[in-house]
Structures are given as structure tokens and as C-alpha cells.
Amino acid sequence: MLEKLHAIYPDLYGANYDEKDMDERFLFLVETHKKMFGPGDIALFSAAGRTEIAGNHTDHNLGCVIGGTINLDTIACVSKRDDSRVIVASEGFPVVDVDISDLSIHEDEKNTTHALLRGIADAFKKRGVDVGGFQANTTTRVLKGSGLSSSAAIEVLCAEIFNNLYNGDKLNPVELAKIGQYAENVYFGKPSGLLDQICCANGGIVGIDFKDATNPVVTPIEVDFEEHGYQMIITDTKGSHADLTGEYASVPPEMRQVAAFFGKKNLREVEYKDFISNLAAIREKCGNDRCLLRAYHFFKENERVEMMLKELKEGSIDTFMMLVDESGNSSFKYLQNVYPSSSPQFQGLSLALAMSDDVLQAEGAHRVHGGGFAGTIQAYVPQYMLDKYISRMESIFGKGCCTRISIRKLPVARIY
């Protein structure tokens, strides 16, 4: 087993992984499976978290984004069952046991893994493909609450287990992402988009155009930031996401207020030139200047995503870094998701961005990461400045606040 895993580690974890650490991790996973479920044929699966590279809060108005699958993953040891029970034992959580012969929506299961598993199975059945019982134990290194999409990783992981064990990997990563979204929307009860699931499922860096929300256009991009001398760092400022639901929830409808002025549902259906030429009238109609600023961010960020994809394809890393900074500035000034308007005294993200400015001195790039308001920032740090950068961040936000991120090449997959 280990020999096969050694061959695949570089495509899962990039260049800077600890082989001994990974071996111990997988061996412990397998031994735990045997203790829980007994001896038998096993399979190993891996699904990664994701990082948002550009397109901050644009996907929910049918915009464009760039995302990447990362080297932090959720792994599972799995064996088939000869009944219809799906048992998932995630490290640190109660065991989930669902009989998928019943695919009805259970209201008392909303916001639980039980709902996700039932919803994933239902999505497979609706596609006319097979499902069956399995038992799995999982462990994860995808940081929770960090904008790295730990929940989407477990969704596409479970979808891939059905896909591999019962369908010979018939469904592609985008279909698995749609299945995860369906389970989250219909069974779990969360109205999420497809961004997180596609990035976790697909592997590598991708541009995603959500103009057709049901059939997004996915454009793979091959780039290794470390080969260009940069290390991607996610810094957790340890800010609480509690009581921020209203802040997140305000972004899509405020953008849609501007779209509604033109009789449209989403901003993607509005032309920028029409937005600019009607600013005064929109302002009077909406009575909310933040709507206009957030719409301006949307239009410019969409343009920026297109430019960033072009620069990455051409290997123009310096121009790409400049555009990353522009994206971050737009989020701060126009999207306004770097700190909560309700609690301006809590500005951990702002402080982390300021200290990134101070340390990097126009080298590399940095921006708010994910949903914002609290949580994490993303920085591309030149290798020779890495120790200095991490030291500064840890002096403010605590030891271990910085996580080194590499782009993973492989999609969600069975790896043994």
C-alpha cells in the first residue's frame, strides 16, 4: 500500500510534504478502520479543500472566479457493505449511520451529515446511476472555519465513494460537485452555490464562469507558484464568524438590487456601461450607496478574473500578482467585506493586510480570503521573506496562525 501511496503523494501534497508523517497518517486510518469494521477489502479516498484566488463574492450573481484545490485533504478508508446502510465515522465526531433505502427528506436531519448522505444518494438515483452501502472512517487536515471549504470536501468525497465503488467513476468532477450542491441545498437546507464543490472536486487551478449556473464553464490552468518563487500562505486572524450571518447574507441581495433596476435578477445580466450611465438614477431608486459600490466591485472583479487567467496562461506572474493586490483592494474598498460594519472595532483582517503591506513592501501579493468579515487572508510570499512574514503574523495572531498552501494536481479520487 505505502509504495503506491508514495508514488501519488507529490500530486496530492506538492513538493513540501513529510513522507513519514503521511505514512503514519494513512496507516493509522487503515488500522482504525479494521478496529471499527473488522478485516476485509479496503479502498482509500482523498478530497481536498480549496482556496479562492479571485472572484470574491461574484459567483452568487453568476460571475467569474478562479479557485484552486489545495494540499490539505480529507481522507477516508472505505469498505463495501452488502446492505443499504452508509456509515461514516469522522474523527472527532459522532458516527453517522444512514439507511439509503429511504431517500425522503427528513426535516429533523436538516443541517446534519445524515441529510447530506441521503441527499447525495438521491442525486445519484435521479441520474439513473447506482448507490449502495459502505462504511468509512475519515480524518481531515482541511482547517475548519478558514474559508478552505471543509464541508464541500466531505460532500464530494462521499459522492466519489459512490461514484467509484458502484459506478466505475462514471461521473466527472463537475457532476460530483453538482451532487454535493444538491444535497446541501435540498436536504441539508443551505442555499450554497457551486464554487466550493467544483474547486474541491476538480483538482489544480480552475477558472469558473457561472453565467449558466447549471452548467458552469470550467477552465483548467497549470501553474506552480512555488516554481516562480512564491509560497501561498493562509493566515487565520482568529476572528469569530459568530453573528456574521447577516453580513454575508447582505452581499448577494444588495448586488441584485442594482440588477433589479434593469429588470434583471443577477448582475451578470447587466452591462457595465448601462450601470455607469444610470448611476444617479440607481442611487435614487436604491437609496443605498453600498449597493452601487458592491456592484462596481462585481463588474471590475469579473474583468479582473479574465485578465488573471490570461496572465497565468502566459506565465506573467508579476502582472498576476499586481492583479491579486487589485482584487484585494477592491474587496476592501468596494465590496467592503474585510470587517463587519456592525463591529468596526474588530478588524483582524485589516490588521493582517496592513502588516502584509509592511513586511512585503510591494513584493508578492495579498488579499482577503473567502467570505471575509473575519477569518483569513491569503498572501503570496517570496520564499526569501517567508520566515519574516510568518514571524510577524505569529507575533500578532499567535503561533500556528499561518498555513503553507500548495496547489494539488489531482481531483477528488480513489488513491488505493
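Starting from 1, residues in each chain are numbered consecutively following that chain's sequence as written. Given that this is a predicted model, residues contribute local features only at a pLDDT of at least 70 and side-chain atom pairs are listed and counted only at 80 or more, while totals for whole chains, interfaces and linings are drawn from all residues. Note that the side-chain values use all heavy atoms of the structure and ignore hydrogens as well as water.

A few points about the overall build of the protein chain
Spelled out, the test is: Helix and strand definitions here come from DSSP, where helices need a minimum of 4 consecutive H or I residues and strands a minimum of 2 consecutive E residues; each element is numbered from the N-terminal end. For the exposure calls, accessible area comes from a 1.4 Å probe over protein chains only, and a residue counts as buried if that area is under 20% of its type's maximum, exposed if over 50%, partly exposed in between. A contact between two residues is defined here by any heavy atoms of the two lying within 4.5 Å. Only the protein chains shown count as cover for residues, and the accessible areas themselves come from Shrake-Rupley with a 1.4 Å probe. In this tally, Lys and Arg are treated as positive and Asp and Glu as negative; His is ignored, and so are the chain termini. For charged residues, the charge sits on one atom: NZ in Lys, CZ in Arg, CG in Asp, CD in Glu.
For the protein chain, the count of helices and strands is 13 helices and twelve strands. Residue burial in the protein chain is summarised as follows: out of 416 residues, 54% are buried. In the protein chain, of all internal contacts separated by at least 6 residues, the share reaching a separation of at least 24 is 72%. When the accessible surface of the protein chain is split by element, carbon and sulfur atoms take 50% of a total near 17700 Å². Of the charged side chains in the protein chain, 43 are positive and 57 negative; the average position of the first set lies 3 Å away from that of the second.

Brief notes about helix α6 (residues 195-202)
Most of α6 sits out of view: seven of its eight residues are buried. Buried residues of α6: Leu195, Gln197, Ile198, Cys199, Cys200, Ala201 and Asn202, and no others. Next to the buried residues of α6 lie β1 (43-54), β2 (64-80), α4 (150-167), α5 (173-188), β6 (205-209) and β7 (217-221). At the exit of α6 stands Gly203, carrying a positive phi of roughly 90°.

With respect to the sheet that holds strand β11 (residues 402-405)
As a reminder of what qualifies: Being paired, for any two strands, means DSSP has found at least two bridges between them. Every axis in this analysis is a line fitted to C-alpha atoms, fitted for helices over the stretch in contact. Angles between the N-to-C directions lie between 0 and 180 degrees.
Spatial strand order, β9-β10-β8-β11: four strands in an open sheet with antiparallel pairing. Either end of the sheet is taken by a strand with one partner, and the two such strands are β9 (365-368) and β11. With direction set aside, neighbouring strand axes in the sheet form an average angle of 20°. Note: strand β8 (residues 230-236) against strand β10 (residues 376-382), seven bridges, orientation antiparallel. Residue pairing for β10: Met232 is matched across the bridge by Tyr380. Contacts between helix α11 (residues 317-335) and the sheet are confined to β8, β9 and β10, with β9 contributing the most and set at about 30° to the helix.

Looking at the environment of Arg85
Here is the rule we go by: Polar contact is defined as a pair of N or O atoms within 3.5 Å, subject to the rule that within protein one atom must be able to donate a hydrogen and the other to accept it, and that residues adjacent in sequence are counted only when both atoms are side-chain atoms.
Within the secondary structure layout, Arg85 lies in strand β3 (residues 85-90). Taking the relative accessible area as the measure of exposure, Arg85 reaches 32% and is therefore partly exposed. With 47 residues separating them in the primary sequence, Arg85 and Gly132 have C-alpha atoms 7.7 Å apart. There is a polar contact of 2.4 Å between the side chain of Arg85 and the side chain of Asp97.

Points about the nonpolar core
Operational definition: By nonpolar core is meant a set of buried Ala, Val, Leu, Ile, Met, Phe, Trp, Tyr and Cys residues that side-chain atoms within 4.5 Å join together.
Formed by 40 residues in total, the largest nonpolar core has its most connected members in Val78, Ile120, Phe124, Phe134, Ile161 and Phe162. Considering each element in turn, this core owes the most residues, ten residues, to α4. The contacts of Ile120, once residues within four sequence positions are left out, are Glu155, Cys158, Ala159, Phe162, Ile179 and Ala183. With 27 residues, the next largest nonpolar core counts Leu312, Phe320, Val324 and Ile407 among its residues.

Concerning the packing of aromatic side chains
Threshold: In this scheme Phe, Tyr and Trp rings, the latter by its six-membered ring, pair at centre separations within 6.5 Å, and the angle between planes marks the pair as stacked below 30 degrees, edge-to-face above 60, and tilted otherwise.
A full pass over the atoms with the stated rule returns 18 aromatic pairs. Measuring from centroid to centroid gives 5.1 Å for Phe275 and Phe299, while their planes differ by 35°, and the two rings are tilted. With Phe275 in helix α8 (residues 272-277) and Phe299 in helix α10 (residues 289-314), this pair connects stretches of sequence that are 24 residues apart. In terms of burial, Phe275 and Phe299 fall into one category: buried. When the ring of Tyr296 is compared with that of Tyr334, the centres are 5.1 Å apart and the planes differ by 85°; the resulting orientation is edge-to-face. A residue pair is termed long-range when its members are at least 10 positions apart, and Tyr296 in helix α10 and Tyr334 in helix α11 qualify at 38 residues. One aromatic cluster in this structure is built from Tyr272, Phe275, Tyr296, Phe298, Phe299 and Tyr334.

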